Amino acid sequence: MSENNLTTPAVSSYNEWDPLEEVIVGVMDGAAVPEWDVAVEATMPARSEQLFRNSAGRPWPAEHAAAAVAELEGFANTLTGLGVRVVRPDAVDHRRPFATPNWRSPGGLYSAMPRDLLLVVGDTIIEAPMAWRSRYFEIDAYRGLLTDYFRRGARWISAPKPQLTDDIYDAGYDTERPYESGRYLTTEFEPTFDAADFIRCGTDIFAQRSHVTNQLGIDWVARHIGEEYTVHVIDVTDPSPMHIDASFMPLAPGKLLLNPNRVKSAPAMFDSWDIRYAPDPALPKDHELYMSSAWVSMNVFMLDERRVVVEAGEQPLIDLFADWDMEPVPVPFRNVMRFGGCFHCVTADVRRQGTLRSYF
């Protein structure tokens, strides 16, 4: 079907596995170190604190940043070579200070992770009201793309822009078991969520309460996506919860990948599915990760129901997929992983073949 054919939807994506046609892939250019504040501290490795405090608003270590840029380009080229249309956000310098009437930030973060701020549900793109102050204007890099999708027939909505005053942060949040105490960093002062705390499975969408996504945010999504969808909240036993896709990953109809340390059991609706637990990450212990744990290894990306993009060094995970009658597509990505995400994070799949249906 021609790209110029008016019957081709600009945006249409209902799950994580229908055959991929078009995807947004992020960029690392212009990235900045975020300020170390209570929101960042709740989810980032403690070993990053000194770098963040000393370099907020400034570039990341040059060697690692350049290697991440190269890997992102390699991934985009791989997708293009497989026949996928790849689009990129605009170049933005995140190393500029900014302010609202309530607070100031020495800079932004990056445009590397569109999954964090764009939730695609069918023909609708939803802008997320993210909880980090450093990410307040991150959406600007995507304005051109979003306007183009809207002009071509997509629906485009934005959740209410949060104030992100101190009222949204609980300085006494539970640092060990927020999932038991209910004391996450984010309060219920206003709706806030990262789009990456939601994962799509046709008419069923799964979400997690986290340090960046509150119940008001989950309720806002559930109320705005339409009656044909049901949002389910997953119990995730993560002491630093931020983004569901390194814990709970429906990969194809009947196949669910879980993090063995964070999800002990799946909801009963998955009883008929083949559920497997991701192997321990193969990342070397001395590989420096600025913004995540090594479990970002299970942050894979489906090209269709069988082909799965996986980090080239994650051999145990590659073996699991091969045994699961899937076709691994290994791509080097360990330098991108330093900055808080892997293949699912750096993508927003705006168009896949297929229609809305239930898988349960």
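Residues numbered from 1 in each chain as written. Predicted model: local features only at pLDDT ≥ 70, side-chain atom pairs only at ≥ 80, totals over all residues. Heavy atoms only, no water.

## Some points on the overall build of the protein chain
Tallying secondary structure elements over the protein chain gives nine helices and 17 strands in all. In terms of C-alpha radius of gyration, the protein chain reaches 19 Å, essentially the compact-globule figure of 21 Å for 360 residues. Dimensions of the protein chain, computed from C-alpha atoms along their principal axes, come out at roughly 50 × 45 × 45 Å. Here the protein chain holds 360 residues, and 57% of them are scored as buried. At a minimum sequence separation of 6, the contacts of the protein chain that also span at least 24 residues come to 72%. Across the protein chain, the 33 positively charged side chains and the 52 negatively charged ones have centroids separated by 3 Å. (Helix = DSSP H or I, 4+ residues; strand = E, 2+ residues; numbered from the N terminus. Rg over C-alpha atoms; globule rule 2.2 N^0.38 Å. Buried < 20%, exposed > 50% of the residue type's maximum accessible area, 1.4 Å probe, protein only. Contact = heavy atoms within 4.5 Å. Lys, Arg positive; Asp, Glu negative; His and termini not counted. Charge placed at Lys NZ, Arg CZ, Asp CG, Glu CD.)

## Observations concerning the sheet that holds strand S13 (residues 274-277)
Here three strands make up an open sheet; going across it, the order is S11-S12-S13 and the pairing mixed. With one partner strand each, in any of the chains shown, strand S11 (248-252) and S13 form the two edges of the open sheet. For this sheet the average axis-to-axis angle between neighbouring strands, irrespective of direction, equals 25°. As paired elements, S11 and strand S12 (residues 255-258) share four bridges and run antiparallel to each other. Looking at S12, one finds that Pro250 is bridged to Leu256. (Pairing = 2+ DSSP bridges. Axes fitted to C-alpha atoms, helices over the stretch in contact; angles between N-to-C directions.)

## Quick word on the packing of aromatic side chains
With the rule as written, the count across this model stands at 23 aromatic pairs. Between Phe75 and Phe333 the ring centres are 5.5 Å apart and the planes differ by 70°, which places this aromatic pair in the edge-to-face class. With Phe75 in helix H3 (residues 62-81) and Phe333 in the loop between strand S16 (327-331) and helix H9 (334-337), this residue pair connects regions lying 258 residues apart in the sequence. For the residue pair Phe75 and Phe333, the accessibility class agrees, reading buried in each case. Seen in terms of ring centroids, Phe98 and Phe137 are 5.3 Å apart; in terms of plane orientation they differ by 85°. Their pairing is edge-to-face. With Phe98 in strand S3 (residues 98-99) and Phe137 in the loop between strand S6 (124-127) and helix H5 (143-151), the pair connects residues that are 39 residues apart, well separated along the chain. Relative accessible area serves as the criterion here: at 36%, Phe137 is assigned to the partly exposed category. Three or more aromatic residues link up through ring pairs in this structure, and these residues are Trp36, Phe52, Trp60, Tyr290 and Phe339. Against the face of Tyr136 rests Lys161, its NZ or CZ located 4.5 Å from the ring centre. (Phe/Tyr/Trp six-rings, centres within 6.5 Å; stacked < 30°, edge-to-face > 60°. Lys NZ or Arg CZ within 6 Å of the ring centre and 35° of its normal.)

## Quick word on the confidence of the model for the protein chain
Mean pLDDT over the protein chain stands at 96; residues scoring 70 or higher make up 98%. The low-confidence segment residues 1-5, where pLDDT is below 50, has six contacts with residues more than four positions distant or belonging to other chains. (pLDDT = per-residue confidence, 0-100.)

## Concerning H5
Here H5 has its buried residues at Leu145, Leu146 and Tyr149. Buried positions in H5, seen along its axis, are confined to an arc of 95° and lie on one side of it. Taken together, the buried residues of H5 touch strand S1 (20-25), strand S2 (85-87), strand S5 (118-121), S6, strand S7 (155-158) and strand S17 (347-352). (Arc of directions from axis to C-beta.)

## Quick notes on the nonpolar core
Grouped together as the largest cluster of nonpolar side chains are 54 residues, with contacts concentrated most on Trp60, Phe75, Tyr110, Trp132 and Met291. Elements that contribute at least two residues to this core include exactly S1, helix H1 (38-41), H3, S16 and H9. The dominant element in this core, judged by the number of residues it contributes, is H3, at six residues. Ignoring anything within four residues of it in the chain, the contact list for Tyr110 reads Met28, Ala31, His94, Arg135, Glu138, Met291 and Phe339. Judged by nonpolar contacts, the second largest core, of 35 residues, contains Ile125, Met130, Tyr142 and Ala195. (Core = buried A, V, L, I, M, F, W, Y, C linked by side-chain atoms within 4.5 Å.)

## Describing the side chain of Thr192
As for its position among the elements, Thr192 is in the loop between helix H6 (178-181) and strand S8 (198-201). Non-local contacts of Thr192, meaning those with residues more than four positions away in its chain, are made with Pro129, Met130, Ala131, Ile168, Thr186, Val212, Thr213, Asn214 and Gly217.

## What about the sheet that holds strand S15 (residues 307-311)?
Strands sit in the order S14-S15-S16 across an open sheet of three strands; the sheet is mixed. A single partner strand is all that each edge strand has here, and the edge strands are strand S14 (301-302) and S16. Of the strands in this sheet, S15 and S16 are in contact with helix H8 (residues 315-323), which crosses S15 at around 170°.

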